Amino acid sequence: MAKAMARTAAETTDTTQPQGRIRRENVERILKAAERVFAEAGFAGATMADIAERAGLPKANLHYYFGTKDDLYRAVLDNILQMWLAPIGSFTPDADPAATLTAYVTAKMEASRTRPHASKVFANEILHGGTQVERFLAEDLKALVDAKAAVIDGWVATGRMAPVDARQFLFMIWAVTQHYADFDVQIRKVMGRRTLTRQDFAAMTAEVLRLVLRAAGLPEPEIAETPTDSVPSIS
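Numbering of residues starts from 1 in every chain and runs along the sequence as written. With the structure being a predicted model, the display of local features is reserved for residues of pLDDT at least 70 and the display and counting of side-chain atom pairs for 80 or more, all residues being used for whole-chain, interface and lining totals. Side-chain metrics in this entry use all non-hydrogen atoms of the structure; hydrogen atoms and water are not considered.

Under an unreviewed UniProt entry, the protein chain has the name TetR family transcriptional regulator and belongs to Azospirillum melinis.

## Describing the packing of helix α9 (residues 166-182) against helix α10 (residues 184-191)
At a minimum axis separation of 5 Å, α9 and α10 run at an interaxial angle of 80°. When the interaxial angle is binned, α9 and α10 end up roughly perpendicular. Counting all contacts with α9, which are made through His179, Tyr180, Ala181 and Asp182, the residues of α10 involved are Asp184, Gln186 and Ile187. When the residues that make up the contact of α9 with α10 are grouped by side-chain class, the tally is three nonpolar, two polar and two charged. Throughout, an axis means a line fitted to C-alpha atoms (over the contacting stretch in the case of helices), and angles, computed between N-to-C directions, take values from 0 to 180 degrees. In this description a helix means any DSSP run of H or I spanning at least four residues, a strand means any run of E spanning at least two, and both kinds are numbered starting from the N terminus. Small angles under 35 degrees read as roughly parallel and large ones over 145 as roughly antiparallel, with 65 to 115 read as roughly perpendicular and the rest as oblique. In what follows, a contact means two residues having at least one pair of non-hydrogen atoms within 4.5 Å. By the convention adopted, Pro, Cys, Tyr, Trp, Phe, Met, Ile, Leu, Val and Ala count as nonpolar, Lys, Arg, Asp and Glu as charged, and the other residues, Gly among them, as polar.

## A look at the layout of surface pockets
Approximately 430 Å³ is the volume found for the largest pocket. Detection works on a 1 Å grid of protein atoms alone, calling trapped sets that fit a 1.4 Å probe cavities and calling open sets with protein on both sides within 12 Å along at least five of seven lines pockets, with lining residues defined by an atom within 4 Å of a point. Lining the largest pocket are 20 residues, with Trp84, Phe122, Ile126, Trp174 and Gln178 positioned closest to its centre. If you list the elements that add at least two residues to the lining of the largest pocket, you get α5 (69-85), α6 (97-114), α7 (116-127), α8 (134-157) and α9. With six residues, the top contributor of residues to the lining of the largest pocket is α9. Grouping the constituent residues of the lining of the largest pocket by class yields 15 nonpolar, three polar and two charged. Grid points are joined across faces, edges and corners, and a volume is the space filled by probe spheres set on the points.

## A few points about the side chain of Thr177
Within the fold, Thr177 resides in helix α9. For Thr177, a relative accessible area of 0% corresponds to the buried category. Sequence-distant contacts of Thr177, that is, excluding residues within four places in its chain, are made with Val105, Lys108, Met109, Ser112 and Val208. Here's how the labels work: a residue is buried when its accessible area is under 20% of the maximum for its type, exposed when over 50%, partly exposed in between, all with a 1.4 Å probe on protein chains only.

## Some thoughts on the packing of aromatic side chains
Only Phe, Tyr and Trp rings are paired, with Trp represented by its six-membered ring, and only when their centres lie within 6.5 Å; those with planes under 30 degrees apart are stacked, over 60 edge-to-face, the remainder tilted. Counted according to the given criterion, the structure contains eight aromatic pairs. Measuring from ring centre to ring centre gives 5.0 Å for Phe38 and Tyr73, while their planes differ by 70°; the resulting arrangement is edge-to-face. Here the residue Phe38 occupies a position in helix α2 (residues 18-45), and Tyr73 occupies one in helix α5, the gap between them amounting to 35 residues. Each member of the pair, Phe38 together with Tyr73, is buried. Three or more aromatic residues joined by ring pairs make a cluster, and in this case those are Phe38, Phe43 and Tyr73. Placement of a positive charge over a ring is assigned whenever Lys NZ or Arg CZ falls within 6 Å of the ring centre and within 35 degrees of the normal to the ring plane. The positively charged end of Lys69 is found above the aromatic ring belonging to Phe43, 4.4 Å away from the centroid. The ring of Trp84 is capped by Lys108, whose NZ or CZ atom sits 4.6 Å from the centre of that ring.

So, in structure tokens, the structure goes:
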């Protein structure tokens, strides 16, 4: 996964220059378009031509920045994983468990709201065997989960939260928060919505937080109200 990203990083290092800024913007447009096309069509069904059209750029630009479809796909996966893994860095021994879990769940739910296609790309990859991320899962992710599970175990050992199986606890958080991206069609149909609004996500986030914090034996946070989006329901 690092091969494609190494090239794009080299291309976009100096963003103070017009050429560097243009490259950075093009790379971002391509990654955003590719994320959506791979989510909708899958890796096999996606074409560089479809991605170029979605990005509004010549197909040659995609090959210039990423080489092949495989390279672009790995770059999309790398970009998704960077987004997902950044918030878990706040799990440290000295951190407050309730505040940390609240921030983490909120970040995960916001990712499902703002980048649902990212979750679908990753889910598709796993459902098809996870060949592109197999080494990452077995090495990097395992090491990260081991480290954060140790933090949770430490919170439990010092009486700062209720006993849980730390790894299963993290798996549960991932499953619940990513459900709102992966199964958004099901959720919208059951809720009678054409679109899930900010207010819908605020309510869903509050409920997920209640479930997670109750499981951890922690107090529930104060949830600020979110303005209503004017999106009609299905009547």
